[in-house]
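Results of the structural survey
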Protein chains: 2
Amino acid sequence: SPASVDRMASIRTGTKDIENHHKVRLRRNVIIALCQIQKEEAEGPGFSEFKSMSEALCIPDTWPAGSLPGAHLFVGLWKAEVLKEDMGLFRDPGGCWTLGFYKSSTFLFCDRDCFVQLCNPHVATMKEDVLYHFNLSTGTHNFPEMFGNVKFVCVGGTPSRMQTFIRYLASELGLHRPGADYPNICEGTDRYAMFKVGPVLAISHGMGIPSIAIMLHELIKLLYHARCSGVTIIRIGTSGGIGLEPGSVVITQQAVDACFKPEFELVVLGKRVVRSTDLDEQLVRDLVQCSADLSEFPIVMGNTMCTLDFYEGQGRLDGALCSYTEKDKQDYLQAAYMSGIRNIEMESLVFAAMCRACDLRAAVVCVTLLDRLKGDQISSPHEVLDEYQQRPQRLVGHFIKKCLGVV
Amino acid sequence: SPASVDRMASIRTGTKDIENHHKVRLRRNVIIALCQIQKEEAEGPGFSEFKSMSEALCIPDTWPAGSLPGAHLFVGLWKAEVLKEDMGLFRDPGGCWTLGFYKSSTFLFCDRDCFVQLCNPHVATMKEDVLYHFNLSTGTHNFPEMFGNVKFVCVGGTPSRMQTFIRYLASELGLHRPGADYPNICEGTDRYAMFKVGPVLAISHGMGIPSIAIMLHELIKLLYHARCSGVTIIRIGTSGGIGLEPGSVVITQQAVDACFKPEFELVVLGKRVVRSTDLDEQLVRDLVQCSADLSEFPIVMGNTMCTLDFYEGQGRLDGALCSYTEKDKQDYLQAAYMSGIRNIEMESLVFAAMCRACDLRAAVVCVTLLDRLKGDQISSPHEVLDEYQQRPQRLVGHFIKKCLGVV
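Residues numbered from 1 in each chain as written. Chains lettered and ligands numbered in written order. Predicted model: local features only at pLDDT ≥ 70, side-chain atom pairs only at ≥ 80, totals over all residues. Heavy atoms only, no water.

It is worth spelling out the relation of the copies chain A and chain B at this point. Mapping chain A onto chain B leaves a residual RMSD of 0.0 Å; the transformation is a rotation of 180° accompanied by 0.0 Å of translation along its axis. Expressed as an axis order, the relation between the two copies is that of a two-fold axis. Looking at the interface residues of chain A, 100% of them are also at the interface in chain B, so both copies use one shared face. (Least-squares fit on C-alpha atoms with pLDDT ≥ 70 in both. Contact = heavy atoms within 4.5 Å.)

What follows covers the pairing of strand β16 (residues 341–345) of chain B. Residues and elements named next belong to chain B. Within β16, five of the five residues are buried, which leaves the element mostly enclosed by the surrounding structure. Across two bridges, the pairing between strand β11 (residues 232–241) and β16 is antiparallel. Residue pairing in the sheet places Gly-240 in a bridge with Ile-344 of β16. Here four bridges tie strand β15 (residues 299–306) to β16, and the two strands are oriented parallel to one another. (Buried < 20%, exposed > 50% of the residue type's maximum accessible area, 1.4 Å probe, protein only. Helix = DSSP H or I, 4+ residues; strand = E, 2+ residues; numbered from the N terminus. Pairing = 2+ DSSP bridges.)

In the UniProt entry, the feature "domain: Nucleoside phosphorylase" (unreviewed entry) is given for residues 151–401 of chain A. With 35% helix and 27% strand, residues 151–401 of chain A has its two end C-alpha atoms placed 12 Å apart. (UniProt positions renumbered as here; feature names shortened; annotations may be inferred.)

Next up on the list: the interface of chain A and chain B. Taken together, the contact between chain A and chain B spans 73 residues of the former and 73 residues of the latter. Carbon and sulfur atoms make up 60% of the surface buried where chain A meets chain B, a total of about 5900 Å² over both sides. Where chain A touches chain B, the interface holds four salt bridges. Residue Arg-275 of chain B is joined to Glu-312 of chain A by a salt bridge in which the shortest nitrogen-to-oxygen separation is 2.5 Å. Put simply, chain A and chain B have 24 residue pairs in polar contact (both at pLDDT 80 or more) between them. Mapped onto the side of chain A that touches chain B, the elements with two or more residues apiece are α6 (159–172), α7 (209–225), β13 (263–268), β14 (271–276), α9 (326–338), α10 (348–357) and α11 (382–403) of chain A. At nine residues, α7 of chain A tops the list of elements feeding residues into the side of chain A that touches chain B. Looking at side-chain class alone, the side of chain A that touches chain B contains 37 nonpolar, 21 polar and 15 charged residues. (Buried area = accessible area lost by both parts, 1.4 Å probe. Salt bridge = Lys/Arg side-chain N within 4 Å of Asp/Glu carboxyl O. Polar contact = N/O pair within 3.5 Å; in protein donor to acceptor, adjacent residues only side chain to side chain. Nonpolar A, V, L, I, M, F, W, Y, C, P; charged D, E, K, R; others polar.)

All names here are of chain B. Looking at the element boundaries, Asp-278 is found in the loop between β14 (271–276) and α8 (281–294). Excluding anything up to four places from it in sequence, Asp-278 contacts Gln-254, Ala-352 and Arg-356. One polar contact links Asp-278 to Gln-254, side chain to side chain, over a distance of 3.3 Å.

Another point: helix α7 (residues 209–225) of chain B. Residues and elements named next belong to chain B. The terminal C-alpha atoms of α7 lie 24 Å apart, and with 17 residues this matches the ideal 24 Å at 1.5 Å per residue to within 8%. In terms of burial, α7 is largely enclosed, as 16 of its 17 residues are buried. Count one or two residues on from α7 and you reach Arg-227, which has phi positive near 55°. (Expected span 1.5 Å × (residues − 1).)

We now examine the pairing of strand β17 (residues 361–371) of chain B. All names here are of chain B. Here β17 lies mainly inside the structure; eleven of its eleven residues are buried. In this sheet, β17 lies alongside β11 in parallel orientation, the contact comprising nine bridges. Across the sheet, Arg-235 pairs through a bridge with Val-364, a residue of β17. In the sheet, strand β12 (residues 249–256) pairs with β17 via three bridges, with the strands oriented antiparallel. Bridge pairing links Val-250 to Cys-366 in β17.

Here the focus is the packing of aromatic side chains. Summed over all chains, the structure comprises ten aromatic pairs over all chains. Geometrically, the ring pair formed by Phe-310 of chain A and Tyr-311 of chain A is edge-to-face, given 5.0 Å between the ring centres and 75° between the ring planes. Their ring planes at 90° and their centres at 5.9 Å tell us that Phe-143 of chain B and Phe-147 of chain B sit as a pair that is edge-to-face. Of the two residues, Phe-143 of chain B and Phe-147 of chain B both sit in helix α5 (residues 143–147), four residues apart, roughly one turn of that helix. A residue is classified by how much of its surface remains accessible, and Phe-147 of chain B, at 0% relative accessible area, is buried. (Phe/Tyr/Trp six-rings, centres within 6.5 Å; stacked < 30°, edge-to-face > 60°.)

Reported here for the largest pocket is a volume of approximately 880 Å³. Taken together, 34 residues line the largest pocket, and the ones lying closest to its centre are Glu-265 and Leu-308 of chain A together with Glu-265, Arg-272 and Leu-308 of chain B. Those elements that provide at least two residues to the lining of the largest pocket are β13 of chain A together with β13 (263–268) of chain B. Its residues assigned to classes, the lining of the largest pocket shows 18 nonpolar, four polar and twelve charged. (1 Å grid on protein atoms, 1.4 Å probe; cavity = no way out; pocket = protein on both sides within 12 Å on 5 of 7 lines; lining within 4 Å. Points joined across faces, edges and corners; volume = space filled by probe spheres on them.)

The next thing to look at is the UniProt feature "binding site: phosphate" (unreviewed entry) in chain A. Those places that UniProt annotates as "binding site: phosphate" (unreviewed entry) correspond, in this numbering, to Arg-191, Arg-235, Ile-236, Gly-237 and Thr-238 of chain A. Looking at the element boundaries, Arg-191 of chain A is found in the loop between α6 and β9 (194–197). Discounting residues that sit within four places of it in the chain, Arg-191 of chain A has contacts with Tyr-132 and His-133 of chain A together with Gly-157, Thr-158, Arg-161, Met-207 and Thr-238 of chain B. Among the structural elements, Ile-236 of chain A can be located in strand β11 (residues 232–241). What makes Ile-236 of chain A buried here is its relative accessible area of 2%.

Here it is in structure tokens:
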């Protein structure tokens with residue numbers, strides 16, 4: 001769709017001069033992948049930037065490698081066989097960059113700025129980087145080879161949910177081969193579980209801000225070491241809803257803390273640091289569009305409150321500790337609702353803050369398992385909860401298919 | 001040993017009038033288990049209270065049931081067969097209280113005050129309590145039958161470590177039967193894993209304060225519903241050391257936050273609440289004595305810093321984000337050392353605060369995997385780290401054996 005193509009244009013450049021695409025410098029060590037854009041896509045709304053860039057570059061129907069002056073150019077023309085292989089894995093004969101091609105009618109343009117970057121100058125100086133909680137290390141694993149083609153990362157609480165998601169996606173993307181298994185890439189540890197199919201990586205993050213933060217530190221380093229570019233990361237989770245029918249899916253506009261503020265606070269070297277938790281607005285719109293395409297379950301955009309505790313921290317009356325009344329709880333949840341909060345979970349705040357700091361396009365898509373205005377206990381039957389938990393997976397699966405042009 | 005017997009005396013009474021044991025009222029609904037105390041134990045230091053109580057009660061060599069006026073009395077004489085069965089499971093014919101007997105030379109005395117209590121009046125009014133993250137419910141599981149005899153709960157980060165621990169303990173306590181398996185009691189969820197042998201329950205808690213807090217809320221409710229009494233809970237974990245040889249085991253005197261304060265802060269209904277994180281001093285001494293008995297690895301008592309983040313939150317230079325220098329980091333860790341901190345982990349603060357609030361005897365025993373003054377990466381070989389992780393298990397295993405009189 002025009003919207004998603006426009007979206008890709010701005011990921012690809014990743015620069016501040018979106019308005020001046022034609023001025024983007026092409027040089028050695030810049031990886032470019034180009035395919036022609038279909039005419040009808042070029043005419044959609046918001047597509048002018050992309051169009052002008054392609055015009056500026058005078059992209060012909062078929063690109064020969066290295067045909068652009070000063071550019072280190074690789075061209076992949078999508079073929080059905082390639083898609084079946086591994087979504088198009090290309091290798092620079094002189095280096096180890098990998099790149100995925102997904103459709104003849106889209107192109108990926110990446111300059112240095114849109115490779116995954118760290119906000120830490122120390123890592124580049126390290127000889128080896130042990131990602132302890134993943135049981136992976138740059139000294140023992142070839143990250144570019146294992147992960148270089150990753151374009152989508154989906155994260156969620158539990159290992160089993162992530163494995164289910166990868167199986168589902170493999171089938172949806174036509175990448176499933178009979179008898180294929182999706183082994184846990186983080187074998188040898190049970191801190192996290194990681195699965196991969198084509199350009200999609202799925203990782204469990206456990207529960208709560210500290211648990212997902214450890215995972216994100218190591219994931220972002222993994223993507224950096226693997227020299228990934230143009231990565232989108234989406235949390236697909238469960239949550240408690242406020243004033244919503246159970247099973248509703250909330251696409252987070254803003255992650256807020258237990259005082260309803262869009263701020264993530266952490267203590268660094270004994271001092272409090274506050275970070276912004278803004279998420280990508282265009283990605284929210286794209287996901288909403290996907291849910292409209294599907295039209296399978298109720299969906300809302302809203303703010304997501306992220307707490308450090310599931311019981312007292314979310315005003316529940318059924319924890320081991322509770323020193324307030326039903327009325328106190330209702331007042332708090334009503335105030336949350338009035339401030340624009342539609343669901344409550346335990347990871348979005350640091351997820352938004354870290355992805356933003358590292359310039360990763362990020363979204364949070366959570367299903368609500370209950371309406372907190374009506375109760376605290378999650379007592380729906382197992383089958384019902386199971387079906388609820390598949391909803392964010394179906395939505396994000398559709399989004400990925402759309403981005404890859406396989407819808 | 002006299003120390004551990006004295007220790008048991010104060011758990012058993014669980015009242016404020018430790019000095020007046022002989023005045024403890026014996027009434028119906030008070031569960032008492034008595035066995036004779038060996039003479040040599042009675043003569044050890046710090047044993048006088050216990051001795052005077054037993055003297056006051058005129059405990060004979062062998063107790064017939066119900067022989068104490070006004071008391072609802074159950075007596076179990078330890079037998080090898082009973083130990084092999086399930087560490088002595090006794091049932092009140094008129095109720096469902098269960099009680100474990102471990103040794104003819106120790107006794108358990110429990111009045112109402114030492115049953116596990118909640119700090120939440122709402123739970124008692126609930127018809128059913130669904131412990132969602134355990135996939136257990138009072139409506140579908142018989143908690144007193146499943147867990148009523150639990151006296152020791154050991155918690156640690158990962159499912160595999162907890163299963164290893166239960167296997168180890170089964171063998172150490174002579175409770176292992178050939179071919180016996182220790183299935184995950186929380187089957188149907190992969191949020192947490194729970195294992196049990198005899199009076200010992202082991203549960204994984206994931207990483208970080210929110211993750212262990214959810215587990216503790218549900219664990220304390222489980223112990224309450226199961227009507228457990230005299231429970232000791234120990235976290236056996238991994239940590240980063242400060243100024244210690246890797247592999248050293250730290251027994252936590254005080255859990256402190258990233259500003260070195262012994263306080264756990266959480267937000268309840270949008271307001272900040274601060275709780276004390278004091279741990280049981282006598283239990284620390286008992287564990288130190290156990291490590292002296294074993295004499296297998298270096299052990300220290302010290303404060304444990306608990307942070308919300310593993311990378312920036314602990315002054316690491318190797319995360320995805322880092323905006324400080326090696327010197328800033330060293331200054332921070334040195335200041336931590338000077339304040340009495342010997343290791344850093346991510347759970348002790350809320351563990352200490354919640355156990356204290358619910359009057360559970362609690363301790364934190366963590367091995368250090370590296371010396372943070374010398375580096376940030378955990379890069380020791382797998383086998384070395386594996387052996388380190390067994391150290392808290394061996395120490396706590398010895399402690400439990402000693403309490404049960406099987407050493």
